[in-house]
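Each chain, letter by letter, is given below.
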Amino acid sequence: MRAVVVKEPGGPEALVVVDREDPVAGPGEVVVEVVAAGVNRADVLQRQGNYAPPPGASDVLGLEVSGIVHSVGDGVTRWRTGDPVVALLAAGGYAEKVAVPQEQVAPLPEGMDPVQAGGIMEVAATVWSNVFMTADLQPGERLLVHGGASGIGTMAIQLAKAFGAWIAVTAGSEDKLTACRELGADLAINYREADFVEGIRAATEGHGADVILDNMGAAYLPRNVSALARDGRLVVIGLQGGVKGELNLGALLAKRATVGAYGLRARPVSQKGEIVQSLVDNVWPLFVDQSVRPVIHDVLPLERVQDAHRVLDDSGNIGKVVLTP
């Protein structure tokens with residue numbers, strides 16, 4: 001099969017398409033014939049040498065796919081050959097086939113285009129596990145999402161709106177702000193021109209954000225704490241703005257607020273399985289009735305994987321970039 005690996009850490013030119021042996025389903029695994037694979041910021045970090053795969057995982061990039069079950073291993077009870085599925089991966093998605101534990105596989109949402117579905121699992125699992133399962137966002141609460149036009153951001157806006165929250169986002173261009181508003185954002189702040197702390201306070205009459213989903217890390221840490229409401233929850237899922245920041249514990253204590261950082265990729269299969277099942281129970285019906293939908297910036301063939309990464313490097317995307325083998 002064809003697959004994409006990193007020749008040596010660096011820019012998009014480091015990505016090469018190689019020939020690999022087809023994966024074989026081990027006990028409890030299925031092999032998915034890939035229809036489409038989502039491109040994620042974590043893939044960019046791996047390409048740069050800053051995010052190694054978990055021990056034992058493939059060196060092939062890619063954290064999510066859509067496809068058809070090609071074969072099943074011993075002990076697999078949930079899936080049969082020919083089932084249309086989507087899957088959450090630790091690695092291996094930029095390929096024609098990938099092996100994955102059966103717990104990390106979900107049915108293709110009814111009526112969804114299978115190519116677009118290649119971009120839903122990583123973002124849906126990230127948003128659902130962090131904003132809803134961990135931060136426990138409630139109807140009527142205020143959510144602030146940094147990077148609102150990203151794949152994560154476009155999913156977070158829609159899910160939060162579907163569950164009755166008020167949503168503010170940050171983004172860096174008018175096109176992106178407009179897209180966020182069209183998806184349901186109540187407040188869209190250009191972080192290049194305005195202070196999001198002042199913006200969220202003004203829009204909420206001083207209340208602040210009950211939950212903040214942050215992709216920046218250190219660079220935004222003090223301001224995120226300032227923007228939190230009392231009993232607020234800051235969830236850090238990315239480190240684009242650095243790894244070390246100063247945290248004012250006094251401000252955190254005064255607000256009875258919490259700060260957490262939660263990765264998804266290296267979680268054990270059992271935890272990923274719980275997240276996937278919760279997605280199927282709570283989010284899949286929203287995909288079926290199209291109140292939540294994939295936002296796809298572009299679909300490119302596997303051979304243009306370098307171009308796909310250039311889009312993310314330039315932050316030129318609104319929604320997801322998807323690769324097709």
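What you are looking at is a predicted structure, and each value in this text was computed from that prediction instead of being measured. (Residues numbered from 1 in each chain as written. Predicted model: local features only at pLDDT ≥ 70, side-chain atom pairs only at ≥ 80, totals over all residues. Heavy atoms only, no water.)

Participant: Before we go on, may I ask you to explain the side chain of asparagine 40 in this structure?
Facilitator: Here asparagine 40 is to be found in the loop between β3 (29-39) and α1 (41-47). By relative accessible area, asparagine 40 is classed as buried at 7%. Here lysine 320 takes part through its side chain, which lies 3.3 Å from a polar atom of the side chain of asparagine 40. Here asparagine 40 is in contact with Leu63, Glu64, Tyr94, Glu122, Val123, Leu312 and Lys320, once residues within four sequence places are set aside. (Helix = DSSP H or I, 4+ residues; strand = E, 2+ residues; numbered from the N terminus. Buried < 20%, exposed > 50% of the residue type's maximum accessible area, 1.4 Å probe, protein only. Polar contact = N/O pair within 3.5 Å; in protein donor to acceptor, adjacent residues only side chain to side chain. Contact = heavy atoms within 4.5 Å.)

Participant: Just checking my understanding: could you explain the layout of surface pockets for this structure?
Facilitator: Over the atoms, a rolled probe matching the size of one water molecule traces out where space is still vacant. Considering only enclosed or pocket space, the largest pocket measures out at about 1200 Å³ in volume. In terms of lining, the largest pocket is formed by 49 residues, of which the most central are Arg41, Asn215, Ile237, Gly238 and Gln240. Along the lines of polarity and charge, the residues of the lining of the largest pocket split into 22 nonpolar, 19 polar and 8 charged. Looking at the second largest pocket, its volume works out to about 410 Å³. Along the wall of the second largest pocket there are 28 residues; nearest its centre are Ala57, Ser58, Ala90, Ala91 and Ala99. Elements with a contribution of two residues or more to the lining of the second largest pocket: β6 (97-101) and α8 (269-282). Sort the elements by how many residues they give to the lining of the second largest pocket and β6 lands first, with 5 residues. Grouping the constituent residues of the lining of the second largest pocket by class yields 17 nonpolar, 3 polar and 8 charged. (1 Å grid on protein atoms, 1.4 Å probe; cavity = no way out; pocket = protein on both sides within 12 Å on 5 of 7 lines; lining within 4 Å. Points joined across faces, edges and corners; volume = space filled by probe spheres on them. Nonpolar A, V, L, I, M, F, W, Y, C, P; charged D, E, K, R; others polar.)

Participant: What is the right way to read the packing of aromatic side chains from this model?
Facilitator: Here the distance between the centres and the angle between the planes together describe a pair of aromatic rings. A complete count under the given rule lists 5 aromatic pairs for this structure. When the centroid spacing of 5.4 Å and the interplanar angle of 70° are considered together, the rings of tryptophan 284 and phenylalanine 287 count as edge-to-face. Within this pair, tryptophan 284 and its partner phenylalanine 287 are both found in helix α9 (residues 284-288), separated by 3 residues, close to a single helical turn. Over the face of the ring belonging to tyrosine 51 we find arginine 265, whose NZ or CZ atom lies 5.0 Å from the ring centre. (Phe/Tyr/Trp six-rings, centres within 6.5 Å; stacked < 30°, edge-to-face > 60°. Lys NZ or Arg CZ within 6 Å of the ring centre and 35° of its normal.)

Participant: Hey, could you run me through empty space enclosed by the protein in this one?
Facilitator: Across all of its chains, the model carries 1 cavity of 30 Å³ or more by this definition. Approximately 40 Å³ is the volume found for the largest cavity. If you go around the largest cavity, the residues you meet are Gly119, Val123, Gly151, Thr154, Met155, Gln158, Arg293, Pro294, Val295 and Lys320. Broken down by element, the residue count for the lining of the largest cavity peaks at 4 residues, all from helix α3 (residues 151-162). In terms of residue class, the lining of the largest cavity is made up of 4 nonpolar, 4 polar and 2 charged.

Participant: Before we go on, may I ask you to explain the sheet that holds strand β8 (residues 142-146) in this structure?
Facilitator: Through backbone hydrogen bonds, the strands of a sheet pair up, either in parallel or in antiparallel fashion. Spatial ordering of the open sheet is given by β10-β9-β8-β11-β12-β13, a layout of 6 strands whose pairing is parallel. Each edge of the sheet is formed by a strand with only one pairing partner; in this case those strands are β10 (187-190) and β13 (258-261). The sheet shows a mean angle of 15° between the axes of neighbouring strands, direction not considered. Pairing of strand β12 (residues 228-236) with β13, which is carried by 4 bridges, proceeds in the parallel orientation. Each bridged residue has a counterpart across the sheet, and for leucine 234 the counterpart in β13 is valine 259. (Pairing = 2+ DSSP bridges. Axes fitted to C-alpha atoms, helices over the stretch in contact; angles between N-to-C directions.)

Participant: Explanation requested: a nonpolar patch on the surface in the structure shown.
Facilitator: A cluster of nonpolar side chains, contributed by Leu247, Leu249 and Val259, occupies part of the molecular surface with about 240 Å² of accessible area. As for its position among the elements, leucine 249 is in helix α7 (residues 249-255). (Patch = residues over 30% accessible without salt bridge, like charges linked within 9 Å, V, L, I, M, F, W, Y side chains within 5 Å. Areas by Shrake-Rupley, 256 points an atom, 1.4 Å probe, with all protein chains shown as cover. Salt bridge = Lys/Arg side-chain N within 4 Å of Asp/Glu carboxyl O.)

Participant: Can you help me understand unusual backbone geometry in this one?
Facilitator: Negative phi characterises most residues that are not glycine, and trans characterises most peptide bonds. The backbone of aspartate 231 shows a phi angle near 65°, a positive value even though the residue is not glycine. Checked against the element boundaries, aspartate 231 lands in strand β12. Residue classification places aspartate 231 among the partly exposed residues on the basis of a relative accessible area of 39%. Its identity is not glycine, yet glutamine 290 carries a phi of approximately 65°, on the positive side. As for its placement among the helices and strands, glutamine 290 is situated in the loop between α9 and β14 (296-301).

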